[in-house]
Amino acid sequence: MSFSRRQFLQASGAALCAGALPVNAHAAGVSNALPVPPLIESRRGQPIFLTLQRSHWSFESGSKAQVWGINGLYLGPTVRVWSGDDVKLIYTNRLNEPVAMTVSGLQVPGALSGGAPRLMSPGVDWAPVLPVRQAAATCWYHANTPNRMAPHVYNGLAGLWLVEDEVSKSLPIPNHYGVDDFPLIIQDKRLDNFGMPEYAPPSNGGFVGDTLLVNGVQNPYLEVSRGWVRLRLLNASNARRYQLQLSDGRPFNVIASDQGFLPAPVAVQQLSLAPGERREVLVDMSEGDEVSITAGSAAGIVDRLRGLFEPSSILTSTLILTLRPTGLLPLVTDNLPMRLLADQVIEGSVSRTREFSLGDTLPGINGAIWDMQRIDVTTQEGTFERWIIHADLPQAFHIQGVMFLIKNVNGAQPMAEDRGWKDTVWVDGTVELFVSFPQASSQHFPFIYYSQTLEMADRGTAGQLQVNPAP
């Protein structure tokens, strides 16, 4: 990155001026209205078209960057489907290199999960029909191209995928998309002088940038009515984990995790969000006071100046979103429901225990690099297993086609907000999972489990899972 003397003086002057202000006054910078991705639904048999193509997007005012995206946008539209439907999905690849796509969190057989066996060459379509047979959940669709997942997601191939069911429709919680129910896709990037994203994968670990984006913009705000606001959080960053909190100390009310609703809302002051992880929260705006969601401390003056000359991993702003109540009557006035789901009785015992050690400086799982010709784990549909995951280098871990409960984290009970069904978990030391296999896969269409630090997955920290059909 090179700077002219004028640019240096401008930047250093701005940083010095910022240093004279209170932290909250300068951390945010110029505010931007939060873009809400358009909603497309599959009802009455209408197919969902998702076209992967080049586009333009403004990450900074006054500049347009070349990006990848879906249906002409940076990132993609929000897709909403209904449990019980068979959804026809038509991907079209208008990019100039092969791409594979998947929907993380969607419970479908291996042959419909995408990935390496469904690699789309330029100009090629893939049109699966997806049977949606799961509880309401916030999933996400994204590129999982072999050895190229990190740059493809970074370029913009990602979006939210919402599953709704009778339970989600009947609960007294916000459910009007774009009115009181909002998607927040959180990423970090590194932008050059012209507002263009830069990407250079590190030799080990994962990529982290210095610019925080939500739905593709910096420092967003959202005008909302007074009452409950529902936020669907997705960490679509390549490697960075976030610790979220509200600026005035009010709690997040966590209502859902990766695979759907928690049994009851959980009030927390701080909320972690690992790469690939999704959470749904309710924020009480009934008092009419503006509040901001932040992710830790922003870079100070010295770090900002240093970042002009060398790549920085410290965020210049940690603002996720500012919520501004408008004084309008809320759509949902009820109190927070005490229960969201009935207690689930799990019938079945652990059939076996497996252990996995995730690579750090050397890629791989249990010392083996991902090989698309090798099945690493074979199990049976409808069974339960105990998976013990070790990682010396902290990273998120995702398993395709399954759902699991976290049994313990470094020997301790998981946090209350982590006690629902999940498919992605943060590993810093050792976690123990109770894994359910509701879907079948095959040797030719296996599920993948991998480090959600995407550069590590691209270097081979991944394995293949064959789930044989129940007899």
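Conventions and cut-offs
Residues numbered from 1 in each chain as written. Predicted model: local features only at pLDDT ≥ 70, side-chain atom pairs only at ≥ 80, totals over all residues. Heavy atoms only, no water. Buried < 20%, exposed > 50% of the residue type's maximum accessible area, 1.4 Å probe, protein only. Helix = DSSP H or I, 4+ residues; strand = E, 2+ residues; numbered from the N terminus. Pairing = 2+ DSSP bridges. Contact = heavy atoms within 4.5 Å. Polar contact = N/O pair within 3.5 Å; in protein donor to acceptor, adjacent residues only side chain to side chain. Phe/Tyr/Trp six-rings, centres within 6.5 Å; stacked < 30°, edge-to-face > 60°. Lys NZ or Arg CZ within 6 Å of the ring centre and 35° of its normal.

Student: Describe the pairing of strand β16 (residues 220-224), and please don't skip the residues or the numbers.
Tutor: It is a general feature of regular strands that their side chains alternate between the two faces of the sheet. Of the two faces of β16, only the one carrying Pro220, Leu222 and Val224 is buried; Tyr221 and Glu223 on the other face are not. Pairing of strand β1 (residues 32-33) with β16 involves two bridges; the strand directions are parallel. The partner of Asn32 across the bridge, within β16, is Pro220. When β16 meets strand β24 (residues 319-325), the two strands line up parallel, connected through four bridges. Residue pairing across strands places Glu223 opposite Arg324, the latter belonging to β24.

Student: Now, about the environment of Thr211: what can you tell me, with residues and values included?
Tutor: Along the chain, Thr211 falls in strand β15 (residues 211-214). Beyond its immediate stretch of four places on either side in the chain, Thr211 contacts Gln187, Asp188, Lys189, Leu191, Gln218 and Leu315. Looking at Thr211, its side chain comes within polar contact range of the side chain of Asp210, at 3.1 Å.

Student: Give me the packing of aromatic side chains: which residues, what numbers.
Tutor: Taken as a whole, this structure holds 13 aromatic pairs when the rule is applied. Consider the rings of Tyr154 and Phe207, whose centres lie 5.0 Å apart with planes at 75°: the pair is edge-to-face. Note that Tyr154 is positioned in helix α3 (residues 149-155) and Phe207 in the loop between β14 (197-198) and β15, a separation of 53 residues in sequence. Each member of the pair, Tyr154 together with Phe207, is buried. Look at Phe384 and Phe434: their rings are 5.0 Å apart centre to centre, the planes differ by 15°, and that puts the pair in the stacked class. In this pair, Phe384 is assigned in strand β27 (residues 384-399) and Phe434 in strand β29 (residues 424-436), connecting sequence segments 50 residues apart. Here Phe384 and Phe434 have matching classes, each one buried. In this structure an aromatic cluster arises from ring pairing among Phe356, Trp387, Phe397, Phe437 and Tyr449. The aromatic ring of Phe434 is capped on one face by Lys407, whose charged end is 5.9 Å from the ring centroid.

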